Amino acid sequence: MTATQYRPTLTHLLTPEPAAPLGNLPLHSQPLYSLEIISPSGRAPHLTGWTVQTWPVASLGDLTLQARPHGEAATPDDLRAALTRAGFTPLGPIRTHR
């Protein structure tokens, strides 16, 4: 029995996408904030201007939350204020990830 070898050709290679203009940065270029919250309803908050993801695993509160701002000027204090306005209680420090 003979084995055949696969030899990639130029048609199999992907060409890189052109770089995005600085004004249209993707969402993942924004900082990611994480903290624990108390959720009165047990549900994840819906915050305008933020992409939010939650997990029901938390040592202090009801949920662990990660949020990424849609705008460039959003800070951890903005996230804390948005959560409070929405009826959620932020707990502990807000950690920043890149």
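Quick note: structure is the one above.
What you are looking at is a predicted structure, and each value in this text was computed from that prediction instead of being measured. (Residues numbered from 1 in each chain as written. Predicted model: local features only at pLDDT ≥ 70, side-chain atom pairs only at ≥ 80, totals over all residues. Heavy atoms only, no water.)

A. Summary view of the overall build of the protein. For the protein, the helix and strand inventory stands at one helix and four strands. Order of helices (α) and strands (β) in the protein, N terminus to C terminus: β-β-β-α-β. The proportion of buried residues among the 98 residues of the protein is 27%. Restricting the contact set of the protein to residue pairs at least 6 apart, pairs at least 24 apart contribute 62%. (Helix = DSSP H or I, 4+ residues; strand = E, 2+ residues; numbered from the N terminus. Buried < 20%, exposed > 50% of the residue type's maximum accessible area, 1.4 Å probe, protein only. Contact = heavy atoms within 4.5 Å.)

B. Region of the structure containing the sheet that holds strand E3 (residues 63-69). Judged by pairing direction, the sheet is antiparallel, and its four strands sit side by side in the order E2-E3-E1-E4 without closing on themselves. What marks the edges here is a single partner per strand, and that holds for strand E2 (50-55) and strand E4 (89-97). Here the average twist between neighbouring strands, direction ignored, is 25°. Inspection of the sheet shows strand E1 (residues 32-38) paired to E3 by five bridges, in the antiparallel sense. Bridge assignment links Ile37 to a residue of E3, and that residue is Leu63. Of the strands in this sheet, E1, E2, E3 and E4 are in contact with helix H1 (residues 76-85), which crosses E4 at around 150°. (Pairing = 2+ DSSP bridges. Axes fitted to C-alpha atoms, helices over the stretch in contact; angles between N-to-C directions.)

C. Representation of the side chain of Thr64. Mapped onto the fold, Thr64 is located in strand E3. Reaching out from Thr64, the side chain makes a polar contact with the backbone oxygen of Val57 at a distance of 2.3 Å. Beyond its immediate stretch of four places on either side in the chain, Thr64 contacts Leu35, Glu36, Gln53, Thr54, Trp55, Val57 and Ala58. (Polar contact = N/O pair within 3.5 Å; in protein donor to acceptor, adjacent residues only side chain to side chain.)

D. Molecular detail of the environment of Leu63. Checked against the element boundaries, Leu63 lands in strand E3. Each C-alpha atom, one on Leu63 and one on Gly42, is 7.9 Å from the other, the two residues being 21 residues apart in sequence.

E. Representation of H1. For H1, the complete set of buried residues consists of Leu79, Ala82 and Leu83. End-on, the buried residues of H1 take up no more than an arc of 100°, which puts them together on one face. Structural note: H1 exposes Asp77 and Arg85 on the side pointing more than 90 degrees away from its buried face. Looking at the buried residues of H1, the elements they touch are E1, E2, E3 and E4. At the exit of H1 stands Gly87, carrying a positive phi of roughly 95°. (Arc of directions from axis to C-beta.)

F. Quick peek at the nonpolar core. In this structure, Leu35, Ile37, Leu47, Trp50, Leu65, Leu79 and Leu83 are the most contacted members of the largest nonpolar core, which totals 14 residues. Secondary structure elements with two or more residues in this core: E1, E3 and H1. (Core = buried A, V, L, I, M, F, W, Y, C linked by side-chain atoms within 4.5 Å.)

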